[in-house]
There are 2 protein chains.
Amino acid sequence: MTAETDESFGDVTPDAARRLLLGAVEAFAERGFHATTTRDIAGRAGMSPAALYIHYKTKEELLFQISRVGHERSVHLMEEATAGDGSAAERLAHAVRSFARWHAEHHTTGRVVQYELAALSEQHYAQIVRLRRRTEDILRGVLQDGVASGEFAVGDIRGTALAVLSLCVDVARWFRPDSRRTPDEIGVLYADLALRMAGHRAG
Amino acid sequence: MTAETDESFGDVTPDAARRLLLGAVEAFAERGFHATTTRDIAGRAGMSPAALYIHYKTKEELLFQISRVGHERSVHLMEEATAGDGSAAERLAHAVRSFARWHAEHHTTGRVVQYELAALSEQHYAQIVRLRRRTEDILRGVLQDGVASGEFAVGDIRGTALAVLSLCVDVARWFRPDSRRTPDEIGVLYADLALRMAGHRAG
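Residues numbered from 1 in each chain as written. Chains lettered and ligands numbered in written order. Predicted model: local features only at pLDDT ≥ 70, side-chain atom pairs only at ≥ 80, totals over all residues. Heavy atoms only, no water.

1. Here we look at the UniProt feature "domain: HTH tetR-type" (unreviewed entry) in chain A
Short version of the rule: UniProt positions are given in the numbering used here, feature names are shortened, and annotations may be inferred rather than shown by experiment. Put simply, DSSP H or I for four residues or longer makes a helix, DSSP E for two residues or longer makes a strand, and each gets a number counted from the N terminus.
Under the local residue numbering, the UniProt record ascribes the feature "domain: HTH tetR-type" (unreviewed entry) to residues 14-74 of chain A. Between the end C-alpha atoms of residues 14-74 of chain A there is a gap of 23 Å, over a span that is 77% helix and 0% strand.

Here you go:
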């Protein structure tokens, strides 16, 4: 169990359900969804397969809960960072700093959340897509505000919003705990890069 | 067998070895490396497991060949795009256009190449890391040239080069053949975004 994954699922109760999600994140990250058995997940949580089924009916339900928590966390980070009455540039920088840092700190969860979407049921996938749209909408709104206020110069707002999110999400792929940069440093660099992508003139 | 993967492995001979690589790309993309059997790969190539072993001793060797071909292709694209005597801005735009477009066109291969690295043997992984460093070096060189010529304003050249590559690689994650944008359109948008990230003043 890595400390990394602990905080994201802190709100999940009871404790057994939370430990199963952590075991599933670890197993999916190491072996992929299809190569992981519910027996393996239960074992990592120190439980029997029968005890697992009390909390999750299928392996797919574990994946969905991981994806849901991860995506709800993304929406929350975006809402929190873009709330308030800062300038569009301040809100964009704050949002990107939080979002990039989260994907560094939670890179194992981030990889599972991003790479295993195809294994979700159609209905669960649709729920996740709604959360992704919400995250995109928030970021697009900040870019639109900045264009309206003259802070930003963006031709393709939709494409630029997607690219900024994509840049942050991909941190989960390449980040290693022994990386040259800390999650915080990555957040600061990426906030600057996002302002540049938005055509913000510094100073 | 998708047309997408066909061209990347066009140089692999004999034909049976090439068909096995295509089968492996498809299987790894669908099920992940660990959930894929050599029997499954052989079946997708219309061959027996015994026939597979004539060409590849292990499943890991298939993954390594896929990764090697994919990464060599990346190095080649970068070399080709940045050769010649264009300005740094022209070379950066050309490189990013090619690299982003490749990851859209070859998104299935791109995902396998990027997501399954952890399954490589230590020795094979080291070979792939050398190819990745080569790609990074080429892009960093273009940014350095542009800073030296006054075309670009970049504080953190290493971090910016990695971010530009990361942005392009992540296209393989989100691109769908029915996406709103064509691979060409993504390449054009991303070339513009990379110039912005490099602090290039248009016009």
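2. Concerning the nonpolar core
We apply this condition: Among the buried residues, those of types Ala, Val, Leu, Ile, Met, Phe, Trp, Tyr and Cys that are joined through side-chain atoms within 4.5 Å form a nonpolar core. Burial status follows relative accessibility: with a 1.4 Å probe on protein chains alone, a residue under 20% of its type maximum counts as buried, one over 50% as exposed, and anything between as partly exposed. Any two residues having at least one pair of non-hydrogen atoms within 4.5 Å are treated as being in contact.
By size, the foremost hydrophobic cluster in this structure holds 72 residues, and its most contacted members are Leu 92, Phe 152 and Tyr 190 of chain A together with Leu 92, Phe 152 and Tyr 190 of chain B. In this structure, Tyr 190 of chain B is in contact with Ala 163 and Ser 166 of chain A together with Val 96, Ala 100, Leu 167, Cys 168, Val 171 and Trp 174 of chain B, ignoring residues within four places of it in sequence.

3. What to know about the interface of chain B and chain A
Cut-off, in case you're wondering: The term buried area refers to how much accessible surface (probe radius 1.4 Å) is lost by two components on association, counted for both of them together. The salt bridge criterion pairs a side-chain nitrogen of Lys or Arg with a carboxyl oxygen of Asp or Glu, the two atoms within 4 Å. N or O atoms closer than or at 3.5 Å make up a polar contact, with two conditions inside protein: a donor-capable atom paired with an acceptor-capable one, and, for residues adjacent in sequence, both atoms drawn from side chains. As a working rule, the residues Ala, Val, Leu, Ile, Met, Phe, Trp, Tyr, Cys and Pro are called nonpolar, Asp, Glu, Lys and Arg charged, and the rest polar, with Gly in that last group.
Counting residues at the interface gives 32 residues for chain B, matched by 32 residues for chain A. Of the roughly 2700 Å² buried between chain B and chain A on both sides combined, carbon and sulfur atoms contribute 51%. Here chain B is connected to chain A by two salt bridges. Counting across the interface, chain B meets chain A through twelve residue pairs in polar contact (both at pLDDT 80 or more). Contributing elements (two or more residues each) for the side of chain B that touches chain A: α2 (15-31), α7 (107-115), α8 (122-149), α9 (157-169), α10 (171-174) and α11 (183-197) of chain B. A total of seven residues in the side of chain B that touches chain A trace back to one element, the largest contributor, which is α9 of chain B. Residues belonging to the side of chain B that touches chain A are distributed by class as follows: 14 nonpolar, six polar and twelve charged.

4. Focus: the packing of aromatic side chains
Residues and elements named next belong to chain A. To be explicit about the condition: For Phe, Tyr and Trp, where Trp contributes only its six-membered ring, two rings pair if their centres lie within 6.5 Å, and the inter-plane angle classes them as stacked under 30 degrees, edge-to-face over 60, or tilted in between.
Under the counting rule described, the total for this entry stands at three aromatic pairs over all chains. On the basis of an interplanar angle of 50° and a centroid distance of 5.2 Å, the ring pair of Phe 28 and Phe 33 is categorised as tilted. The exposure class assigned to Phe 28 is buried, which follows from its relative accessible area of 2%. When its relative accessible area of 7% is taken as the criterion, Phe 33 is described as buried.

5. Thoughts on the side chain of Glu 61 of chain B
Residues and elements named next belong to chain B. Counted only if it meets this: In this charge count, Lys and Arg are treated as positive and Asp and Glu as negative; neither His nor the chain ends contribute.
Summarising the element assignment, Glu 61 is placed in helix α5 (residues 59-82). Put simply, Glu 61 is tucked away with no salt bridge, and the nearest opposite charge, on Lys 57, sits 4.1 Å away. Glu 61 has contacts with His 55 and Tyr 56, leaving out every residue within four places of it along the chain.

6. A look at the environment of Ser 166 of chain A
The topology assignment puts Ser 166 of chain A in helix α9 (residues 157-169). Take Ser 166 of chain A: its relative accessible area is 1%, and that puts it in the buried class. Taking the C-alpha atoms as reference, Ser 166 of chain A lies 9.8 Å from Ala 100 of chain A; in sequence the two are 66 residues apart. Ser 166 of chain A has contacts with Leu 167, Asp 170, Arg 173, Trp 174 and Tyr 190 of chain B, leaving out every residue within four places of it along the chain.

7. Quick word on the UniProt feature "DNA-binding region" (unreviewed entry) in chain A
Taken from the UniProt record, the annotation "DNA-binding region" (unreviewed entry) applies to residues 37-56 of chain A. As a span, residues 37-56 of chain A carries 70% helix and 0% strand, and end to end its C-alpha atoms are 13 Å apart.

8. Quick notes on the packing of helix α6 (residues 88-105) of chain B against α11 of chain B
Residue and element names in this part refer to chain B. Inclusion rule: In this analysis an axis means a line fitted to C-alpha atoms, helices contributing only their contacting stretch, and an angle means the value between N-to-C directions, from 0 to 180 degrees. When describing relative orientation, an angle under 35 degrees is termed roughly parallel and one over 145 degrees roughly antiparallel, while 65 to 115 degrees is termed roughly perpendicular and anything else oblique. The crossing is said to be left-handed when, going from far helix to near helix, the turn is anticlockwise and less than a right angle, and right-handed when the turn is clockwise.
Taken N-terminus to C-terminus, the directions of α6 and α11 make an angle of 140°; their axes are 7 Å apart at the nearest point. Our classification of the angle between α6 and α11 gives oblique. As for the relative orientation of α6 and α11, their crossing is right-handed in sense. Together, Ala 89, Leu 92, Ala 93, Val 96, Arg 97, Ala 100, Arg 101, Ala 104 and Glu 105 of α6 and Pro 183, Asp 184, Ile 186, Gly 187, Val 188, Tyr 190, Ala 191, Ala 194 and Leu 195 of α11 make up the contact between the two elements. Looking at the contact of α6 with α11, its residues break down into 13 nonpolar, one polar and four charged.

9. A look at the pattern of salt bridges
Residue and element names in this part refer to chain B. Going through the model one piece at a time under the given rule, you end up with 26 salt bridges over all chains. Between Asp 15 and Arg 19 there is a salt bridge, with the nearest N and O atoms lying 3.1 Å from each other. You can see Asp 15 and its partner Arg 19 sitting in helix α2, four residues apart, about one turn around the helix. Relative accessible area serves as the criterion here: at 40%, Asp 15 is assigned to the partly exposed category.

10. Some words on the relation of the copies chain B and chain A
Rule in force here: Our superposition of the copies is a least-squares fit, built on the C-alpha atoms of residues whose pLDDT is at least 70 in both.
For these two chains of identical sequence, chain B goes onto chain A by a turn of 180° and a shift of 0.0 Å along the axis, with RMSD 0.0 Å. What we have between these two chains is a two-fold relation. Mapped onto chain A, 100% of the interface residues of chain B again fall at the interface, so both copies present the same surface.

11. Overview of α5 of chain B
Residue and element names in this part refer to chain B. Inclusion rule: Take the residue count of a helix, subtract one, and multiply by 1.5 Å to get its expected span.
The end-to-end C-alpha distance of α5 is 35 Å, a good match for the 34 Å that 24 residues give at a rise of 1.5 Å each. Burial within α5 is extensive, with 18 of its 24 residues counted as buried. A positive phi of about 90° marks Gly 84, the residue just after α5.

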